[in-house]
Each structure stands twice: as structure tokens, then as C-alpha cells.
Amino acid sequence: MRFQPKEPEKLPKEKSGLLTRPFSLKVDEVAAYFGFIPVESFLPGRQEREYAKELLGEEKEPMLFLDEDVAFVKKYISENWSALPHPLSLVSHSSFEKKKSLVSLRIMGISGSAGEALAIRTVVSLLNEIGHENLTIALSSIGDRESMGDFDRAVATFIRKNTTLMPLEIKKVVKENPLQLLTDKKYADSPFADRFPTTIASLSQNARTHLKEVIEYIEVMDIPYTLDPSLVAPRSCANHIIFEIRSEKGETLARGMRLSPLTKKMGAKRETPFLSVMVSSGTAKATRKKLPEPKFHFVQLGYSAKLLSLPLVEKLRGAGIPVVFHISRDKLVSQLAPEEKIPFLIIMGHKEALEKCVVIRDNETRAQECVPIAEATNYIKKVLKRGKI
């Protein structure tokens with residue numbers, strides 16, 4: 001299933017080509033603080049549903065709403081959205097059933113761990129906003145192509161060494177779909193399931209680094225997490241991280257994964273980093289609130305500063321202070337886009353990250369002040385009130 005993009009000259013000059021829409025729900029407002037643009041839903045037709053089933057094939061891992069992601073990628077390619085500024089972060093509503101909303105978050109163009117960090121922080125914030133507390137994260141990874149090849153070899157070796165000891169039912173399972181030993185709870189007590197190879201154990205060095213960095217972001221955000229090898233994804237169209245965000249009672253409220261291979265499989269010239277998250281946001285809570293124009297531009301320099309950036313953005317969101325920030329960009333010039341003429345800068349480099357502080361700078365007067373992160377929100381409120389440092 002491949003789609004051809006439109007010629008570049010046919011692209012809309014502005015983001016109206018994305019079918020943007022005004023805020024309608026509280027989750028739109030929360031997502032907007034983290035840079036997500038509200039857009040219309042991507043509804044799958046018969047062709048998209050059939051292709052999603054084809055992608056799942058015999059693996060049959062739990063994969064909700066893959067057909068909607070197929071519909072999105074089809075639109076992304078056919079409308080040539082790759083020519084729009086990236087990263088591209090979008091929020092849409094999948095369905096409304098009995099006033100319950102399913103929300104989709106999609107991030108295009110962030111290949112590193114910052115993509116998962118941004119998605120997880122956004123989802124946890126919107127779930128907190130609608131009343132869910134004490135959330136936990138379940139995390140796994142299927143890695144890259146090298147990782148998947150190593151995992152297949154580990155599985156083949158395990159089956160060869162243990163096939164004569166396996167009961168008939170287990171033999172049938174590993175013959176048809178070995179991953180069922182990991183994903184199907186009815187085999188949880190089987191000694192073969194307990195010893196079965198996991199995708200995490202087969203990760204390449206690059207994939208291990210990716211997972212390690214995601215964990216570091218989660219730890220800095222102070223959200224409890226567990227590694228759950230039973231979380232897998234269809235390897236025909238997914239790679240790297242899979243995560244679930246669960247309630248205090250263990251109910252899955254959100255599920256996210258990388259679907260980067262899907263983009264090239266469907267006709268993109270090259271594989272585009274693509275992260276998709278589906279969130280059950282409960283009762284659809286309306287909002288008419290419009291975010292004020294950002295007065296602050298948050299610039300982070302260095303990995304240590306990146307780790308601390310999302311907790312600070314969340315504190316500012318809680319105080320109703322929007323900021324422009326680009327967590328996936330490393331260099332100062334790339335973060336300070338020329339069209340973004342904003343009065344004040346929040347700067348955090350390696351030194352500030354170590355000292356747990358930020359520099360607040362007035363772009364007009366060049367006056368600046370170093371402020372502890374714990375006091376930054378109150379200080380920024382005062383700057384907004386008086387209009388200067």
C-alpha cells in the first residue's frame with residue numbers, strides 16, 4: 001500500500017493544510033502547552049483497515065487503532081506534509097462514545113529519546129488534569145533491525161533446546177506465534193514463558209542507549225515505571241519503544257509506540273521518525289480557554305538540561321504560563337527560529353542543570369538573572385506582571 005506525494009508547489013503555504021481546528025476539549029489545551037497542534041481526526045476507510053490487518057499478519061499482538069495510523073500516514077504522504085516544519089506534533093480525537101473521548105497524539109520528526117519523553121510528559125499531564133493520579137508507566141523495547149535479528153536467533157535457539165520438553169499446547173504456540181508466551185497471560189505461569197527470551201535482552205547498543213535515555217527522562221519526571229517484556233509491537237511496522245500508562249488499579253489509559261517503518265513501507269522516500277499514542281481520556285471535558293501568546297522562549301543546551309526541561313515546562317503549564325521550546329533540537333541557533341520574536345529567554349545549559357537553576361534574560365535590554373528552578377515559576381510570574389527583568 002503505497003501513496004505518492006503531491007508536488008511541492010501544491011502544498012498549502014500555512015498549516016491550514018493540516019485541517020487544524022480550534023480547541024474544543026481540555027486535553028487540547030494541555031497538549032498545546034507541549035507544542036501539539038489540534039487537527040481533525042484521521043478516519044480510516046476499508047482500504048486502511050484491511051492494510052492494518054495485513055500488517056499485523058500472524059503476530060497478532062494487541063495493536064489498537066493501527067488503521068487510524070495508516071490513515072494518518074496516507075494523508076501525511078499524499079499531502080506532502082514532510083515539507084512542513086518538523087518536528088510536527090498533532091493532537092486529534094478518535095471517537096466519542098457515551099461522552100468518553102479517545103485522543104491521539106502523533107509526533108513526526110523526533111528520532112531520539114526526547115520523542116518518547118515529550119509524549120509521556122504530555123499524556124501524564126493531560127491524565128492528571130482530568131483526575132487520574134498515581135499513574136505508572138510500563139515500558140519495553142523491540143529495538144532496531146539488528147535487535148530484531150538477534151531476538152529471532154535467541155528464540156530459535158530456545159525452541160531448539162527445549163522443544164522435546166514442551167507440552168503439546170506450548171509446542172503449538174511457539175510454532176504458530178512464539179511471542180504469545182510473552183503476551184498471553186494464560187501462559188504466565190508456564191516455566192517456558194518465564195525462561196523465554198525477551199526483546200529487551202536482545203537490544204543492540206544503539207537500542208539500549210535509546211531505552212536507557214527514555215528511562216532517565218522518566219526518572220527525572222519522578223513517575224514510577226516498570227520494565228514489562230510482555231509489551232511488544234508488530235515488527236513489520238514498529239520499532240524501538242513501546243509504553244503503557246496505567247491507572248492505580250492497573251487499567252491501561254494510554255499506549256504508545258514508534259511506527260517509523262510504516263512511513264517508508266507506505267511510500268515515503270525515507271523512513272520518518274513517527275511516534276503514535278492513543279489515550280483514553282475519560283469524560284470529554286469541554287474548554288473555551290485560549291492559550292495566551294507565549295512571552296518566554298525556553299532554550300536548553302546539553303543532555304542534562306534536556307532531562308530537566310520537561311519538568312520545568314510542566315510547572316509553568318500548571319501556572320498557566322506557555323513557553324516556546326524545542327526539546328529535540330540541540331543547537332542554540334536551531335532553537336531560536338527567526339520568526340519567533342519573543343520578549344524573554346529561559347536558558348538552561350550544562351552548568352545551570354548541575355546547579356539546578358535557569359537564566360532569565362530580557363531580549364530587549366539584555367538584563368538577566370540566574371534563578372533556582374524551584375523559584376523559577378514565581379519569578380517568571382513577577383516578570384510577566386512588571387514586563388521586565
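Description of the structure in this document. (Residues numbered from 1 in each chain as written. Predicted model: local features only at pLDDT ≥ 70, side-chain atom pairs only at ≥ 80, totals over all residues. Heavy atoms only, no water.)

## Considerations on the overall build of the protein chain
Spelled out, the test is: Helix and strand assignments come from DSSP, with helices taken as H or I runs of at least 4 residues and strands as E runs of at least 2, each series counted from the N terminus. Each residue gets one of three labels from its accessible area relative to the maximum for its type: buried under 20%, exposed over 50%, partly exposed in between, using a 1.4 Å probe on protein chains only. Residues are treated as being in contact if the distance between any of their heavy atoms lies within 4.5 Å. Where accessible areas are quoted, they stem from the Shrake-Rupley method and a 1.4 Å probe; at the residue level, only the protein chains shown are allowed to cover.
A count of helical and extended segments in the protein chain gives 14 helices and 13 strands. Within the span of the protein chain, comprising 389 residues, buried residues form 53% of the whole. The contacts of the protein chain with a sequence gap of at least 6 include a subset with a gap of at least 24, amounting to 67%. When the accessible surface of the protein chain is summed, it comes to about 19,300 Å², and 51% of that surface belongs to carbon and sulfur atoms.

## Focus: the sheet that holds strand β12 (residues 357–362)
What counts here: At least two DSSP bridges between two strands are needed for those strands to be called paired. Only the contacting stretch of a helix is used when fitting its axis, a line to C-alpha atoms as for every element, and angles between N-to-C directions run 0 to 180 degrees.
Here we have 5 strands laid out as an open sheet, ordered β10-β9-β11-β12-β13, and mixed in their pairing. The outermost strands of the open sheet, each flanked by one partner alone, are β10 (323–325) and β13 (368–372). Each strand axis lies, on average, 25° off the axis of its neighbour in the sheet, ignoring direction. Looking at chain direction, strand β9 (residues 296–300) and strand β11 (residues 344–348) are connected through 5 bridges and run parallel. Residue pairing across strands places H297 opposite L345, the latter belonging to β11. Strands in contact with helix α14 (residues 373–386) are β9, β11, β12 and β13; relative to β13, the strand with the most contacts, it is inclined by about 140°.

## Re unusual backbone geometry
Working note: non-glycine residues mostly have negative phi, and peptide bonds are mostly trans. Cis geometry is adopted by the peptide bond preceding P87, which originates at H86 and carries an omega value of 0°. The residue P87 is located in the loop between α3 (66–78) and β2 (88–97) in this model. You will see that D222, though not glycine, has its phi angle at about 60°, which is positive. Checked against the element boundaries, D222 lands in the loop between α9 (205–220) and β5 (225–227). With a phi close to 55°, H240 is a non-glycine residue in the positive phi region.

## What about the pattern of salt bridges?
How we decide: Salt bridges are defined as contacts in which a side-chain nitrogen from Lys or Arg sits within 4 Å of a carboxyl oxygen from Asp or Glu.
Overall, the coordinates contain 15 salt bridges when judged by the stated rule. Residues E50 and R46 are paired through a salt bridge, measuring 3.9 Å at the closest nitrogen-oxygen approach. You can see E50 and its partner R46 sitting in helix α2 (residues 46–56), 4 residues apart, about one turn around the helix. Take R46: its relative accessible area is 65%, and that puts it in the exposed class. For the salt bridge of R246 with D228, the shortest nitrogen-to-oxygen distance reads 3.1 Å. Linking R246 in strand β6 (residues 239–246) with D228 in the loop between β5 and β6, this pair joins segments that are 18 residues apart in sequence. For D228, a relative accessible area of 15% puts it in the buried group. Among the charged side chains, a salt-bridge network with shared partners connects D228, E244, R246 and R255.

## Considerations on α9
To be explicit about the condition: Each helix should span, by expectation, one fewer than its residue count multiplied by 1.5 Å. By definition, the arc is the one covered by directions from the helix axis to the C-beta atoms.
Taking 1.5 Å of rise per residue, the 16 residues of α9 would be expected to cover 22 Å, and the 23 Å separating its terminal C-alpha atoms lies within 8% of that figure. Of the residues making up α9, those classed as buried are A207, H210, L211, V214, I215, Y217 and I218. One side of α9 carries all its buried residues, which in axial view fall inside an arc of 160°. Away from its buried face, by an angle of more than 90 degrees, α9 presents the exposed residues Q205 and N206. Positive backbone phi, approximately 60°, marks D222, located one or two places after α9.

## Details of the packing of aromatic side chains
Operational definition: Note on ring pairs: Phe, Tyr and Trp rings are taken, using the six-membered ring of Trp, and paired if centres are within 6.5 Å. Classes follow the plane angle, with under 30 degrees stacked, over 60 edge-to-face and the rest tilted. Counting as a charge over the ring demands two things of the Lys NZ or Arg CZ atom: a distance within 6 Å of the ring centre and an angle within 35 degrees of the ring normal.
For the structure on display, the rule yields 8 aromatic pairs. Relative to F72, the ring of F42 has its centre 5.0 Å away and its plane inclined at 75°; by these criteria the two rings are edge-to-face. Note that F42 is positioned in the loop between β1 (37–38) and α2 and F72 in helix α3, a separation of 30 residues in sequence. Overall, the relative accessible area of 9% leaves F42 in the buried class. When the ring of Y217 is compared with that of Y303, the centres are 6.2 Å apart and the planes differ by 80°; the resulting orientation is edge-to-face. With Y217 in helix α9 and Y303 in helix α11 (residues 303–318), this residue pair connects regions lying 86 residues apart in the sequence. Y217 gets classed as buried once you look at its relative accessible area, which sits at 2%. Ring pairing ties together the aromatic residues F42, F72, Y76, W81 and F274, which thus form one cluster. The lysine or arginine in question, R386, covers the ring of Y379, its NZ or CZ lying 5.8 Å from the ring centre.

## Thoughts on the packing of α9 against α11
In a pair of packed helices, the angle between the axes and the distance between the axes together describe the arrangement. Our working definition: Any angle that is under 35 degrees is reported as roughly parallel, and any over 145 degrees as roughly antiparallel; angles of 65 to 115 degrees are reported as roughly perpendicular and all others as oblique. Helix crossings get a hand from a simple test, with the near helix turned counterclockwise from the far one by less than a right angle marking a left-handed crossing and a clockwise turn marking a right-handed one. All amino acids are sorted into three groups, where Ala, Val, Leu, Ile, Met, Phe, Trp, Tyr, Cys and Pro are nonpolar, Asp, Glu, Lys and Arg are charged, and the leftover types, Gly among them, are polar.
Relative to each other, α9 and α11 sit at 45°, their axes nearing to 9 Å. The angle between α9 and α11 places the two elements in the oblique class. Taken as a pair, α9 and α11 cross one another with a handedness that is right-handed. Taking contact as the criterion, the partners of E213, E216, Y217 and V220 in α9 are, on α11, Y303, K306, L307, L308 and P311. Class assignment for the residues of the contact of α9 with α11 results in 6 nonpolar, no polar and 3 charged.

## Side note on the packing of helix α4 (residues 114–129) against α11
α11 packs onto α4 with a crossing angle of 30° between their chain directions and a minimal axis gap of 11 Å. Relative to α11, α4 is oriented roughly parallel. As α4 runs across α11, the sense of the crossing is right-handed. Contacts from A117, L118, R121, S125 and E129 in α4 reach L310, E314 and R317 in α11. Here the contact of α4 with α11 is composed, by residue class, of 3 nonpolar, 1 polar and 4 charged.

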